[in-house]
Amino acid sequence: MALRLPKAQLPAELSENMIKGFGATLEPVEAIWHNPAVATANLDFSRRITEWDALDEGLKSFAHMAVAAQVGCGWCLDVGYFHAQNQGLDLAKARQVPNWRAAEVFTPLEREVLEYAEAMTVTPPAVTDELYDSLLDQLGAAAMVELTAYVAFVNMATRNNTANGVRSQGFSDSCDIPLARRTAATGNAGGAPAGASPA
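Residues numbered from 1 in each chain as written. Predicted model: local features only at pLDDT ≥ 70, side-chain atom pairs only at ≥ 80, totals over all residues. Heavy atoms only, no water.

Undergrad: Pulling in residues and values, what's your account of the overall build of the protein?
TA: Looking only at helices and strands, one finds nine helices and zero strands in the protein. Overall, the protein shows an N-to-C arrangement of helices and strands of α-α-α-α-α-α-α-α-α. Relative to its 199 residues, the protein shows a buried fraction of 48%. Considering only contacts within the protein whose residues lie at least 6 apart along the sequence, 68% involve residues at least 24 apart. Carbon together with sulfur atoms contributes 55% to the accessible area of the protein, which is approximately 9500 Å² in total. (Helix = DSSP H or I, 4+ residues; strand = E, 2+ residues; numbered from the N terminus. Buried < 20%, exposed > 50% of the residue type's maximum accessible area, 1.4 Å probe, protein only. Contact = heavy atoms within 4.5 Å. Areas by Shrake-Rupley, 256 points an atom, 1.4 Å probe, with all protein chains shown as cover.)

Undergrad: Describe the packing of helix H3 (residues 36-49) against helix H9 (residues 141-164), and please don't skip the residues or the numbers.
TA: Where H3 contacts H9, the axes come no closer than 12 Å and their chain directions differ by 145°. Along this stretch, H3 crosses H9, giving a crossing that reads as left-handed. Contacts between H3 and H9 involve Asn42, Phe45, Ser46 and Ile49 on the former and, on the latter, Tyr150, Phe153 and Met156. Considered class by class, the residues forming the contact of H3 with H9 number five nonpolar, two polar and no charged. (Axes fitted to C-alpha atoms, helices over the stretch in contact; angles between N-to-C directions. Left-handed = near helix turned anticlockwise from the far one by under 90°. Nonpolar A, V, L, I, M, F, W, Y, C, P; charged D, E, K, R; others polar.)

The values are spatial; any link to function lies outside them.
Spelled out as structure tokens, the structure:
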């Protein structure tokens, strides 16, 4: 799949800032900049999300990548893994998110967060009272609200990217170890293609 609309011309300052931070302009922004009001609101909310601090960054990173793997958003998996490395998160765990059910590296809490992210992503959502209550007990109300809002936003972003035809830009290529590929054994409840990866 290729980008389904031509890349829009970004304002010079925005483009320069992206190149400083990522080494390239970001294709999702180039796609949605055809409507600057939508793009600006999306960027603003994305920035505000980085200010939330009730939930552990590692848990948010795993949740983001779990949604991306399930939806089939190679761009989000790619950049999510890149961010994990740049934030000093556990790459041995981050690389296994696409196969988290079979991987043995995750703690019980991490596994529940990954399960919750997937349960929120399927249609209709499959969140159970038991799973929600367990996470609420472990995380507390503020972190639970943050996790839920974060997963909801990531669903918007991943689905926006896949619908617009945005694919991996190779950001994770600079990471020390490659991102694991999603296998059929992980269960594609959200319709993500087996083998979806940022590469």
